[in-house]
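# Architecture and fold: a report
What follows is each chain in one-letter form.
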Amino acid sequence: MRVPVEWLRELAHVDSHVRGKDVSETLVRVGLEDEGVHGGGVGGPLVIGRVLTLEPEPQRNGRTINWCTVDVGQANGTGEPQGIVCGAHNFGVGDHVVVVLPGGTLPTPDGSFQVTARRTYGHVSAGMICSERELGLGDDHTGIIVLEHRLADEPDVLAALVPGEDAIALLGLDHEVVEVTVTPDRGYCLSMRGIAREYALATGAPFDDPAGIPVAARNDSGYAVRLADEAPIRGRAGCDRFVARVVRGVDASSASPSWMRRRLIDVGMRPISLAVDVTNYVMMLLGQPLHAYDLDSLSGEIVVRRARAGERLTTLDGVERHLDGEDLLITDGGDVVLGLAGVMGGASSEVSSTTRNVLVEAAHFDAVTVARTSRRHRLVSEASKRFERGVDPAVADRAAQLACDLLVRYGGGTLDDGVTDVGEVARRDAIAFDVGLPTAYVGLEYPRGEVVATLRAVGCEVVDREGQVVDVRPPTWRPDLVDGPDLVEEVARVRGYAEIPSVLPRAVGGRGLTHGQRVRRLVAQTLAQQGLVEVLSYPFVGDELFDRLGYAVDDPRRNTVRLANPLQDEAPLMRTSVLDTLLDTLRRNVARGARDLALYEIGLVTVGRPDQPPVPIPGVEGRPADDVLASILDGVPVQPRHVALAAAGDAVPAGPWGDAQRVEASDAVAWAVELGRALGLELLLRNHSRAPFHPGRCAVVTLADGTVVGHAGELHPKVVGALGLPARTVAAELDVDVLVAATGTPVQARPLSTYPVAHTDLAVVVDDGVPAADVAAALGGGAGPQLESLTLFDVYRGDQVGEGRKSLAYRLTFRAEDRTLTTDEVSALRDSAMRAAAEAVGAVQRA
Amino acid sequence: MSGPNTSYDPVEVAALDPQAVDDAVSAALVAASSAGTLDELRAARSAHQGDRSALALANREIGALPPSAKAEAGKRVGQARGRVAAAFAARQAELEAERDERILTEEAVDLTVVPPRRRVGARHPISLVTERVEDIFVGLGWEIAEGPELESEWLNFDALNLGPDHPARQMQDTFFVEPADRSGLVLRTHTSPVQVRTMLDREPPIYVLCPGKVFRTDELDATHTPVFHQFEGLVVDEGITMAHLKGSLDVFVAMLFGAGTVTRLRPSYFPFTEPSAEIDCQCWICSGTDDSCRTCRGTGWIEVGGSGMVNRRVLTASGIDPDHYTGFAFGLGIERSLMLRHGVADMHDIVEGDVRFSTQFGMEI
Ligand SMILES: [Zn+2]
């Protein structure tokens, strides 16, 4: 909402020294949002000039410029005519124009610039003859301002123009416009009436209600209007008041007065014609949207009803709209659709330059009906914005009266005696309000007298029977005031939020972070400490990604959730793995020149289900029934938290210290294993084949009980190719929730033996296909509890072990709890380990 | 040690002559001091202290002397051998020190060549700011509550007093799950549904912070991102007031942005709170003293979030008696906090996953 300070002064007794900035601060204090102050960007000397000479001079570039001399009186200090080059051609010798002299400033989008005398087209141009746009008065830059035209309807002012006199006030350029955002609960502030009321409330200044004008009483001789809403939404009639007045014999070609045009421009509207300008002006003043019909285009009574199947309407914006049964319509005789009630009129009945007789509509439409229609047709208008937020139903007759009065005054014609005013606005119920509530809610003492006085100042009727509870009937323009806390806010904001004290509440003492929260931090910290960089990505993916990742047709990771209105049409799905989007982040980093990368991301993934049921949306009258609540909570798709990592390039670059070490699949596995160790978990590995990994370079990572934690390895070369990733990119994805569930019970400490350790080495030969993890598991099992550690220190393939075989060399470290192990005991344990490996994986001791 | 001298040799006895002993000592001292290396010293030592050296011979001859002469000769030779041994030991120490010094010099390497055997990892600053905020509130005795990002419409809107026709429900540009009119699912537009989940789940007193990822259909630009992070606070207890809201916010901003930083509340509107307030934070760069301050644009205040007293209807929908309990809630943005606190100028840097962005922050913020 743009608030011209000049207009506000008329309604709320703004002190003369108050500037736009002060108005803005005052309004912000009572709950409007500051959007800045406009205007005031023009600085003098800006003076009235009279064109003395004008010589067109054609230029080589095809343009013709005018070399002018302009009488600017004594404003230039010499009294001599001012020489100015001007590119516009809409003026002539003798015209009064507006001249900015060197030293003056003009507004620009970012501030202002200072005008100087400059050499151009072979002349010294000492200033500028101004257009509307250069002065920030409007968008018209096709010509300069000719005061004879601009002030046509103010002959007295025109006659008194003196060259050299200041033009700033004449053009209203001293007007500042304060822009504020109005929150959705304060529909009444989308009018000067509402803004002025707030200003008065904040400052204690008197407020002159512009709606306080004499109104002709309703009678039966007005234009026939029938309210015929047969399908109210949630029991609320679509229209509960409809005022119609008729003005006949208007001169539609008459211009709106310049003050009105000025104010419309100030509030951001474009002046169009007298009838339209008047309806807009009254709406901006009182907040009541109005509609002007060409009376001669109407043939029957006006009927307000819901749309019927198949009905259409071409609205004023030229769009043909298929109407819905919930749309409330204004119709001519019940059959011809004139407009969408409270949203936008149709083209057929619009006032035009030939309109002589005007019917003015001032109606009150239901907020929900208008909001739904506006949303349904994606059609937001000045009217719909106001009705959605609530319009004062009591102001309809005043608005119609004022609009007709202005039409008669500036367009001639006569106002019919008939006053149509149909419908019944229900009186609002009073709120039983505990006067102690403001103090209890805010934590600041509000005496009873202040509470009652503030509510009355806001416009409430307060019936005070001297008890703790008073009856408060909110004013007609405040549909947002419905319960006690609403009234508390009024009391608090009028006193000012600045007075609210600062008191730290004493919490009962919490449990700190949960185990899951600590685990998540540890996972992140561990990976970062191992050299990986945490990144974030948007969790949206496209349909074809799963093909590129090589998922089988029935891979459950294809079951996902689809957004109805995705950010990008090519990415409408929620990711089912973090790798889905992390790999793209890796690719982007490579595209930006990074070569050696190790990234990770922790985030949620969505487990879609083919049989996803609709999730219920119950009312909010109370806590939903247990079964309804359960189906809400259970209906939300499961979203486990995963950690994914991806790496490419070198783990250690080449340099003075030696050769480069490329990142390889085993790095991804090692990161996963280390993550487990950081959590005190010994994770197990099995070779595995799974998209999107290389079928021969993928390990499944499990808990000791076989629960799958995730997978790690090298990506499939096809995936690498399809996603444009660096060759041999490695990756892993683990389910953090599984890690959380697997930990958290206190680790029970083992006593530490201080007897010496005994080392022994053992090399075993197995088929090449036998996983090292299986060999190690067998050795560990056979060696028994005195085995302290088992370390693989060499793998050999070659002639000495034969084709298709490999030798794995382990160091076994033993220690007993209660004694020093003898050499014979250690040998026996080693032999036991060897036997177990022989049995389990066919291992043979290497000679 | 020599044994008693049994083979008396009259020629060698001459070595016991005092002059000869002195000469031997002098020669030994010269040899010791002139040895330039440990090898030379070892050779000289062998010559002057070895079995065949003059002093060794003299020592051996003492046994052959008559008892009356033994004492004096023994004393003379003993002192001589002592001086020589001391001289060689001293020179040995000198030369060893020189050698050690030389080795250390030779072993010097240029340690400014740092082999990057391990890449430096980093946390994402959004995570770091989130954890820091969490820790502040945990320190106040609050708990951290979380919930799903894909959320039911009822919890995201209706339970928060954003009915189907509420203007605010259109204001928030929401990602709906297909089929939009039936699924009853959205990507949460705020972390407020976690507040409702918490209230449905447990009885007051409730002191929780709900951080997390939220979604709005904004295009990515320098200051907006469709996927961003928030933290919301919720307190429900007996006798909770707006003063408690203000107190919690003041303590929080002082801890995150620096001691002395305070907040200012301005009346506003949110469907889930009544009364409602915008939260402005005092500019911690200029405290309002600099008209050209870029952080606060010269206003002295920075808008950081929204807050208010939990709407009675929200308490009711969550099964909490609004006549018995009151509560406050607030919500602030992590991205905005990060941008303000660390001078991040462009949202793209935060969301695009460029490792250079995370790396510059390390693991503590
Ligand atoms: Zn500042």
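Residues numbered from 1 in each chain as written. Chains lettered and ligands numbered in written order. Predicted model: local features only at pLDDT ≥ 70, side-chain atom pairs only at ≥ 80, totals over all residues. Heavy atoms only, no water.

It is worth spelling out the overall build of chain B at this point. The helix and strand tally for chain B stands at 13 helices and nine strands. For 365 residues, the compact-globule estimate of 2.2 N^0.38 gives 21 Å, and the C-alpha radius of gyration of chain B, at 44 Å, exceeds that figure by more than 25%. Expressed as lengths along the three principal axes of its C-alpha atoms, the size of chain B is roughly 135 × 50 × 45 Å. For chain B, the proportion of its 365 residues judged to be buried stands at 55%. Taking the intrachain contacts of chain B between residues at least 6 apart in sequence as the baseline, contacts between residues at least 24 apart amount to 67%. For chain B, the exposed surface amounts to about 15,700 Å²; the carbon and sulfur share of it is 52%. One finds the centroid of the 34 positive side-chain charges in chain B at a distance of 7 Å from the centroid of its 54 negative side-chain charges. (Helix = DSSP H or I, 4+ residues; strand = E, 2+ residues; numbered from the N terminus. Rg over C-alpha atoms; globule rule 2.2 N^0.38 Å. Buried < 20%, exposed > 50% of the residue type's maximum accessible area, 1.4 Å probe, protein only. Contact = heavy atoms within 4.5 Å. Areas by Shrake-Rupley, 256 points an atom, 1.4 Å probe, with all protein chains shown as cover. Lys, Arg positive; Asp, Glu negative; His and termini not counted. Charge placed at Lys NZ, Arg CZ, Asp CG, Glu CD.)

Here we come to the coordination of the zinc ion. When four donors bind a metal tetrahedrally, each ideal donor-metal-donor angle is 109.5 degrees, and when six bind octahedrally, the ideal angles are 90 or 180 degrees. Residues and elements named next belong to chain B. Around the zinc ion, the protein contributes the donor atoms Cys283 (SG), Cys286 (SG), Cys293 (SG) and Cys296 (SG), which lie 2.2 to 2.3 Å from the metal centre. Around the zinc ion sit four donor atoms; with metal-centred angles ranging over 105 to 112°, the donor geometry is tetrahedral. For the zinc ion, the donor residues sit on a single chain with the sequence spacing C-x2-C-x6-C-x2-C. Both residues of the pair, cysteine 283 and cysteine 286, count as buried. (Donors = N, O, S within 2.8 Å, 3.2 Å for Na, K, Ca; no water. Tetrahedral: all angles 85-135°; square planar, octahedral: opposite > 155°, others 65-115°.)

Moving on to the packing of aromatic side chains. One pair of aromatic rings is described through two measures. These are the centre distance and the angle between the planes. Residue and element names in this part refer to chain B. In this structure the tally under the stated criterion is 19 aromatic pairs over all chains. Pairing tryptophan 142 with phenylalanine 330 gives two aromatic rings, centres 6.2 Å apart and planes at 45°, and the pair type is tilted. Within this pair, whereas tryptophan 142 is found in the loop between helix 5 (125-139) and strand 1 (143-144), its partner phenylalanine 330 is found in strand 9 (residues 326-333), the two being separated by 188 residues in sequence. Three or more aromatic residues joined by ring pairs make a cluster, and in this case those are Phe137, Trp142, Tyr207, Phe231, Phe252, Phe328 and Phe330. (Phe/Tyr/Trp six-rings, centres within 6.5 Å; stacked < 30°, edge-to-face > 60°.)

Moving on to empty space enclosed by the protein. Per the counting criterion, the structure on display carries five cavities of 30 Å³ or more. For the largest cavity, the calculated volume is near 480 Å³. Lining the largest cavity are 26 residues, and of these A:Arg520, A:Arg641, B:Ser127, B:Thr130 and B:Glu146 lie nearest its centre. Per-element tally for the lining of the largest cavity: the top contributor is helix 5 of chain B, with five residues. A volume near 110 Å³ is recorded for the second largest cavity. (1 Å grid on protein atoms, 1.4 Å probe; cavity = no way out; pocket = protein on both sides within 12 Å on 5 of 7 lines; lining within 4 Å. Points joined across faces, edges and corners; volume = space filled by probe spheres on them.)

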